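What follows is the residue order along each chain.
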Amino acid sequence: MKKILLTMFLILCNVLALSAQNGGAIKGDAYFNQRVVGLKKAGTLEQEVTSHFSDVYVQGIKVIGPMNEKDLRYLAKLAKGGTLNDLHSANLTDAVVENIPEGCFKDLTYFMYIYFPSSLKSISDNAFKNCNLLAVVLNDGLETIGNSAFYGVHSKSLTIPASVKHIGDAAFAGNKGYKTVTVDGANTNFKMVQNMLCDLKEQKVLQCFDMAEGVIDIPQGMKSIGDEAFSPLHNVTTVRIPSSVTHVGSEAFSAAYGLKNIEVAAENPSFTAVDGVLFNKDQTDLITYPASKDGQSYTVPTTVKHILDGAFAEAGGQNAHKGMKGAEKRKNDLTKVTVPEGVESIGKDAFLYSGLSEISLPKTLKSIGSNCFYYTDLTQIVIPEGVTRLEDATFGACAELKKVTLPSTLNYIGRDIFAVYNSALTDILLYAEVPPVCDDEAFHTFDNSVTLHVVGSAVKKYKQNSAWGNGPFDSIVGDLTPTGVAHVGQSADNVTVVGIYDIHGMKLQHKVKGLNILKMSDGSVRKVMINTLN
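Notes on the structure follow. All residue numbers here refer to positions counted from 1 along the written sequence of the relevant chain. Where totals are concerned, whole chains, interfaces and linings use all residues; where local detail is concerned, this predicted model gives features only for residues with pLDDT of at least 70, and gives and counts side-chain atom pairs only at 80 or more. To obtain the side-chain values, all non-hydrogen atoms of the structure were used and water was disregarded.

### Overview of the layout of surface pockets
To find leftover empty space, a probe the size of one water molecule is rolled over the atoms. Detection works on a 1 Å grid of protein atoms alone, calling trapped sets that fit a 1.4 Å probe cavities and calling open sets with protein on both sides within 12 Å along at least five of seven lines pockets, with lining residues defined by an atom within 4 Å of a point. Grid points are joined across faces, edges and corners, and a volume is the space filled by probe spheres set on the points. As a volume, the largest pocket reaches approximately 1000 Å³. Looking at the largest pocket, it is lined by 40 residues, and the ones nearest its centre are Tyr257, Glu314, Leu352, Tyr353 and Tyr374. Throughout this entry, Asp, Glu, Lys and Arg are counted as charged residues, while Ala, Val, Leu, Ile, Met, Phe, Trp, Tyr, Cys and Pro are counted as nonpolar. The remaining residues, Gly among them, count as polar. Split into classes, the residues belonging to the lining of the largest pocket amount to 12 nonpolar, 16 polar and 12 charged.

Structure, rendered in structure tokens:
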């Protein structure tokens, strides 16, 4: 009897929902209240949906009654298929739930609308990150918004309710579509200043929105700039940092496409700018090279020890130098970076989406972050001895990359190391005599025939290794020596030198002090030690 009554209740709810289909719906939501489910007990949503809607699509749903994390993650499961028949709209206005859990709706391509209940108090970190939400309407009563909670959504407007007390870093970053952003006048914790959302209690710039243009002056008194606070921006050309700022978050300016110049107040104790490039005060950390700074080449200062996350992201890339085309753009786009001896680390996303086509790396380098060279124009690269790990997608989407030389010290390779668009890649030279440990998906996106060159004595090890010898390479050849030289042989006295290389295989313009590798006209190679130069 109870089941019959519940079924009748659900049918009545659906009829009422259909009769009020457009009432309270966000414009464009064609799936608003398509199915209605009433819950008497939290944690039973999946049971109710499968019981009453197992034979129909659930593209839109309204939930009435108590919910918990299990129910919310089930909603995400309904949307995870990523097809037109999966969940697009969830109306929770008559539900009772206080928290959206961490990462709950992250990366859901087709989940576009959500309606929050008045009971909601907090939205956790990454809850809707890279979710395709077309509108974000925050409820009165909401108090906490976590880090990256709405990162990369597609909402065009945003209002921060009076009740909000905390907003995490990058909560609204990654969105190019915001047209209007306001803070309720009764909210004493946050304020909009020159298109920047500022946390008044923390004295932090949380987000500069893409409506901003030209020169941006960070207000004196602000102590901190949040992670990805100026990402993404199209039309901001200069950012001025006052003396009060003592903290700049990770990748704060990494997608400020139009940025040409960063200025820092001379009396700032923590940061300085040299020729528009942002450093920490003693210039040991290179923080940001502006994406649209003019110049084809840049030499990192010798004081630098660390190139931080996103430091050269977008520099000279497709989004840089808005309005420039052809020869003018090529003349101004950054393509070459020289990294001097002394630099020890390069952070994640450091050259992401940049126009980089040539880079020299120092022998002092020990670590390289994930996505470091993702979607650059590199044609070849030599990773120096001492680097032990290649993190996820280090060379992802490098369509021009033909040759990669990896050191004997390498012991780990991450996921999607050469992910997508790597059709130019033909040769990987790897001097590690013990096959590095690989993520299960390290090479699963190869889309070209690639030859792996290893030290002669290590060929058998690589061929028998499940990660290296199980199909990803066209062939594995043992033509390297432990010295880092590809085949050294003897030649007749009448042959001539046609190329000079260092021990890592990089071509030189002339002989240098130390070991030189000479490529001869008969195809052989000679190893020559130069002690003094004339």
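### Focus: the environment of Lys363
Each helix corresponds to a stretch of at least 4 residues labelled H or I by DSSP, and each strand to a stretch of at least 2 residues labelled E; elements are numbered beginning at the N terminus. Here Lys363 shows up in the loop between β27 (358-360) and β28 (367-368). Type-normalised accessible area, obtained with a 1.4 Å probe on protein chains alone, sets the label of each residue: buried when under 20%, exposed when over 50%, and partly exposed for intermediate values. On the basis of relative accessible area, Lys363 is assigned to the exposed category, the value being 61%. Sequence separation between Lys363 and Glu341 is 22 residues; the distance between their C-alpha atoms is 6.4 Å. Only heavy atoms matter for contacts: two residues are in contact if any of them lie within 4.5 Å across the pair. With sequence-adjacent residues up to four places away left out, Lys363 is seen in contact with Glu341, Pro384 and Glu385.

### Quick notes on helix α3 (residues 69-79)
Because each turn of an α-helix spans 3.6 residues, side chains separated by three or four positions in sequence point in the same direction. Turning to α3, its buried residues number three or more, namely Asp71, Leu72, Tyr74, Leu75, Ala76, Leu78 and Ala79. Among the structural elements, α2 (45-52), β2 (60-66), β3 (89-91) and β5 (99-100) are those in contact with the buried residues of α3.

### Comments concerning the sheet that holds strand β25 (residues 336-338)
When DSSP finds at least two bridges between two strands, those strands are taken to pair. Within the open sheet, the 3 strands sit side by side as β23-β25-β27. Their pairing is parallel. The sheet is open, and its two borders are formed by β23 (297-299) and β27, each paired with just one other strand. Each strand of the sheet is rotated relative to its neighbour by a mean of 5°, with strand direction disregarded. The pairing of β25 with β27 spans 3 bridges and is classified as parallel. The partner of Thr338 across the bridge, within β27, is Ser360. Working convention: axes come from line fits to C-alpha atoms, limited for helices to the stretch in contact. Angles between N-to-C directions cover 0 to 180 degrees.

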